[in-house]
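Spelled out from the first residue to the last, the chains are:
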There are 2 protein chains.
Amino acid sequence: MRDVAALAGVGLKTVSRVINEEPNVRPETMRKVLDAAERLDYRPDINAGNLKRSARRVHTLGLVVGNVANPFSGAMSRAVEDVAGRRGTAVFTSSLDDDPQRETQIVGEMLRRRVDALILTTVRRDQSYLVREQERGTVLAFVDRLPSGILADTVVSENASGAALATRHLATGGHRRIAYLGDMHTLWTAQERLRGYREAMSTAGIAADARVLEDLSDEAAAYQAVQRMMTDDDAPTALFTSQNLVTIGALKALRDLGLQRAVALVGFDDIPLADIIEPGITVVAQDPYAMGRIAAERVFARLDGEAGDARTEIVPVTLVTRGSGEIPPRAS
Amino acid sequence: MRDVAALAGVGLKTVSRVINEEPNVRPETMRKVLDAAERLDYRPDINAGNLKRSARRVHTLGLVVGNVANPFSGAMSRAVEDVAGRRGTAVFTSSLDDDPQRETQIVGEMLRRRVDALILTTVRRDQSYLVREQERGTVLAFVDRLPSGILADTVVSENASGAALATRHLATGGHRRIAYLGDMHTLWTAQERLRGYREAMSTAGIAADARVLEDLSDEAAAYQAVQRMMTDDDAPTALFTSQNLVTIGALKALRDLGLQRAVALVGFDDIPLADIIEPGITVVAQDPYAMGRIAAERVFARLDGEAGDARTEIVPVTLVTRGSGEIPPRAS
DNA sequence: CTGAAAGCGCTTACAG
DNA sequence: CTGAAAGCGCTTACAG
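Basis of the calculations
Residues numbered from 1 in each chain as written. Chains lettered and ligands numbered in written order. Predicted model: local features only at pLDDT ≥ 70, side-chain atom pairs only at ≥ 80, totals over all residues. Heavy atoms only, no water. Helix = DSSP H or I, 4+ residues; strand = E, 2+ residues; numbered from the N terminus. Expected span 1.5 Å × (residues − 1). Buried < 20%, exposed > 50% of the residue type's maximum accessible area, 1.4 Å probe, protein only. Salt bridge = Lys/Arg side-chain N within 4 Å of Asp/Glu carboxyl O. Near = heavy atom within 4 Å. Polar contact = N/O pair within 3.5 Å; in protein donor to acceptor, adjacent residues only side chain to side chain. Nonpolar A, V, L, I, M, F, W, Y, C, P; charged D, E, K, R; others polar. Contact = heavy atoms within 4.5 Å. Buried area = accessible area lost by both parts, 1.4 Å probe. Pairing = 2+ DSSP bridges. Axes fitted to C-alpha atoms, helices over the stretch in contact; angles between N-to-C directions. Phe/Tyr/Trp six-rings, centres within 6.5 Å; stacked < 30°, edge-to-face > 60°.

Looking up chain A in an unreviewed UniProt entry gives the name LacI family DNA-binding transcriptional regulator, with the organism given as Lysinimonas soli.

Colleague: How would you summarise helix α8 (residues 159-172) of chain B if you had to cite specific residues and measurements?
Modeller: Residues and elements named next belong to chain B. When the terminal C-alpha atoms of α8 are compared, their 20 Å separation across 14 residues agrees well with the 20 Å that a helix rising 1.5 Å per residue should span. Along α8, the positions that sit buried rather than exposed are N159, A160, G162, A163, A164, A166, T167, L170 and A171. Note on α8: the residue one or two positions beyond its end, G174, has a positive phi of about 105 degrees.

Colleague: Which residues make up the pattern of salt bridges, and what values do they have?
Modeller: All names here are of chain A. For the structure on display, the rule yields 65 salt bridges over all chains. One salt bridge in this structure joins R113 and E109, with 2.8 Å as the shortest N-O distance. The class for E109 is partly exposed, based on a relative accessible area of 22%. Residue E306 is joined to R311 by a salt bridge in which the shortest nitrogen-to-oxygen separation is 3.7 Å. Given the relative accessible area of 30%, E306 is considered partly exposed. Taking relative accessible area as the criterion, R311 reaches 36% and is therefore assigned partly exposed. One salt-bridge network, in which partners are shared between bridges, spans D153, R298, R302, E306, R311 and E313.

Colleague: Go over the protein's contact with DNA strand C, please, and point to the residues and values.
Modeller: Taken together, 25 residues lie near DNA strand C, and M1 and S16 of chain A together with T14, R17 and T29 of chain B sit nearest. A share of 67% of the atoms of DNA strand C within 4 Å of the protein falls on sugar and phosphate groups. Residue S16 of chain A places a side-chain N or O atom 2.4 Å away from a phosphate oxygen belonging to DNA strand C. Among the secondary structure elements, those contributing two or more residues to the surface near DNA strand C are α2 (12-19) and α4 (46-52) of chain A together with α2 (12-19) and α4 (46-52) of chain B. Tallied by class, residues from the surface near DNA strand C come to eight nonpolar, eight polar and nine charged.

Colleague: Describe the interface of chain A and chain B, naming the residues involved and giving the relevant values.
Modeller: Listed by partner, the interface residues are 54 residues for chain A and 55 residues for chain B. The contact between chain A and chain B buries some 4800 Å² in all, and 48% of this surface belongs to carbon and sulfur atoms. By the criterion of area lost to chain B, the three top residues of chain A are R43, R113 and I276 of chain A, representing 14% of everything that side buries. Scanning the region where chain A abuts chain B turns up 14 salt bridges. The closest approach of N and O atoms between R132 of chain A and E38 of chain B, which form a salt bridge, is 3.7 Å. Taken together, the links from chain A to chain B amount to 37 residue pairs in polar contact (both at pLDDT 80 or more). Looking at the side of chain A that touches chain B, the elements that each hand over two or more residues are α3 (27-40), α4, α5 (71-86), β2 (90-95), α6 (100-112), α7 (131-135) and α11 (244-256) of chain A. By residue number, the principal contributor to the side of chain A that touches chain B is β2 of chain A, which donates six residues.

Colleague: Describe the sheet that holds strand β10 (residues 282-285) of chain B, listing the residues and the values that go with them.
Modeller: Strand pairs in the sheet, formed through backbone hydrogen bonds, run parallel or antiparallel to each other. All names here are of chain B. Read across the sheet, six strands follow the order β7-β6-β8-β9-β10-β12 without closing on themselves; strand pairing throughout is mixed. If you trace the sheet from one side to the other, it starts and ends with β7 (212-213) and β12 (318-320), each paired once. Judged from the three bridges that link them, β10 and β12 form a sheet pairing that is antiparallel. The residue of β12 that forms the bridge with A285 is T318. Most of the contacts of helix α9 (residues 188-203) go to strand β6 (residues 178-181), to which it runs at about 170 degrees, and overall it touches β6, β7, β8 (238-241) and β9 (264-268).

Colleague: So what's going on with the packing of aromatic side chains? Residues and values would help.
Modeller: Scanning all chains against the criterion turns up five aromatic pairs over all chains. One aromatic cluster is present, built from ring pairs that chain together Y180, Y197 and F240 of chain A.

Colleague: Before we move on, could you go through the environment of V4 of chain B and cite the residues and values that matter?
Modeller: Residues and elements named next belong to chain B. Tracing the backbone through its elements, the reader meets V4 in helix α1 (residues 2-8). Judged by relative accessible area, V4 falls into the buried class, the value being 1%. Once the C-alpha coordinates of V4 and L96 are considered, the two residues, 92 residues apart in sequence, prove to be 44 Å apart. Setting aside residues no more than four positions away along its own chain, V4 makes contact with V15, V33, A36, A37, L40 and Y42.

Colleague: Please set out the protein's contact with DNA strand D residue by residue, giving values where relevant.
Modeller: Taken together, 25 residues form the shell around DNA strand D, and within it T14, R17 and T29 of chain A together with M1 and S16 of chain B come nearest. Restricting attention to atoms of DNA strand D within 4 Å of the protein, one finds that 64% of them are sugar or phosphate atoms. Between DNA strand D and T14 of chain A, the relevant distance is 2.5 Å, taken from a phosphate oxygen to a side-chain nitrogen or oxygen of the residue. Between DNA strand D and K52 of chain A, the relevant distance is 3.4 Å, taken from a sugar or linking oxygen to a side-chain nitrogen or oxygen of the residue. Mapped by element, the contributors of at least two residues to the surface near DNA strand D are α2 and α4 of chain A together with α2 and α4 of chain B.

Below, the structure written as structure tokens:
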């Protein structure tokens, strides 16, 4: 910048004004500065500016998702990127892999680089380690999972009622032997979905506990669980799979057993091409794009000065019937 | 930092030494500093440090992909994130949407925030606008598509030979009426895949041009194109779809026409659940994770001082036969 | 092993 | 409409 000022024959402050498009610069002066900047291939260093800038906004935001390679996280990232982009804000993205150690490590890295806000999918038991950072002015929002030990805007799916909806759909279709296949029990979403399943089972007057299988964290685990489960005399006639990878694992197991048209299946969270498979996969679809969008909008509202208590937004889910959930129970 | 120094009763430089884990600090002094930092909840500002730091490495990298919500880009992002994470480097990610204006805008935003390197999927005709930035020391790498007007490490798929492989597979299966359905012709990858198709057709002694349909940029366009195409007397008996969204659109059209078991289909780039659909979808699978990984490794090699000419790495593709590509031509 | 001085590239708060 | 001085939070290059 010093070189530009020298070449243009003006003061530093004038160059600064031109770069930041501040008013009160004569067109003629402006042109001189722009020419000099062009000739020297000048690039302003935004970090240097932020050092002294009063508001200390860096127009940068950190996003922690489960795994960008998973379509759920992909859609969420895209939404955050879109909202942030419209506000001239760049996004640091990082994947959590449901590893508690990574959570604090990633957050630390982002904080060290300065961000105006953090949008977080969490996995640790407790997020109180962020309270001091919040007090210092960093805006926080949580997405997909509720935080603990801290209050901040949060966006989640209708987990429990969505799971109840799925379970009720199967019960209404005549099923009594409905199994629950879920992700790690330590995850809040898994607990909520299990709760919804239990409530619906109870309402339908069916004992639930014998058919609950948890801690299936990937496709392979779900595949094996279903393979084993279906050999029982008392095998379920319907499955409720509470996460997209579990749904895919179960689907593959049913197909390999030749049971994809015999055993009903409803999944929580939509899966790609669910409508092309035969039978089509009935799901309770989440709206990850909306979740990301709302979280980003909350963050910008807070950065714009919105006061008031932390809000929790619940994003509706939708039952999409495509065939697999409407298979009737076998007479047995 | 000043406050920490005051509270600990030491000089600024000593605090700096402790924070940066430099040697030559007495354990006792170190403890005092650490205590003070803890009590004041001190967070070093890495950007302030970088201002004066000689190497001027900011341990931050920019990544521009097609669209993080697309599984291809998702896998690539994840790979870059993994390599960067191991090097203590954070990643700015942004989606291009094949919009030439966004390309320069995103790149500009990232450069203004300072990055050590940029990994880019491009869409503009020409990337010579980056030459001066490269001369200034920013490391550049291109992924998925070749740059023009600039030399830098580049990672691409075996586009032409992969497309030829797919086409040859169909021709070997007895097909003569093989249609090519491709993305925007302005994209380098689309041109390469078309070239591969043409070469394989020519080798098989089949005239190709009548069955080339380009500029299908999304699922809906591909769907309509296939719907229209299949009503011809002279309709193709096999389709080669040169991109994942085109494959999905074509798939849906064939299914809605009841032709999914009658018309052969080979796609370029794998699609999720391709093995569960019936028939399974035969594809020439790319390896987006490897592409992202190699691009990131190239970048770090250059940052570590590797000299030498720009390298172009070609990542192999694999023909995965699952059924749809092995459907024989109908007698007609 | 420790610290005071100068400066990174910019902005703020002024004065003119 | 324009610019000189002071300072943001750190590091470098010294000196001790």
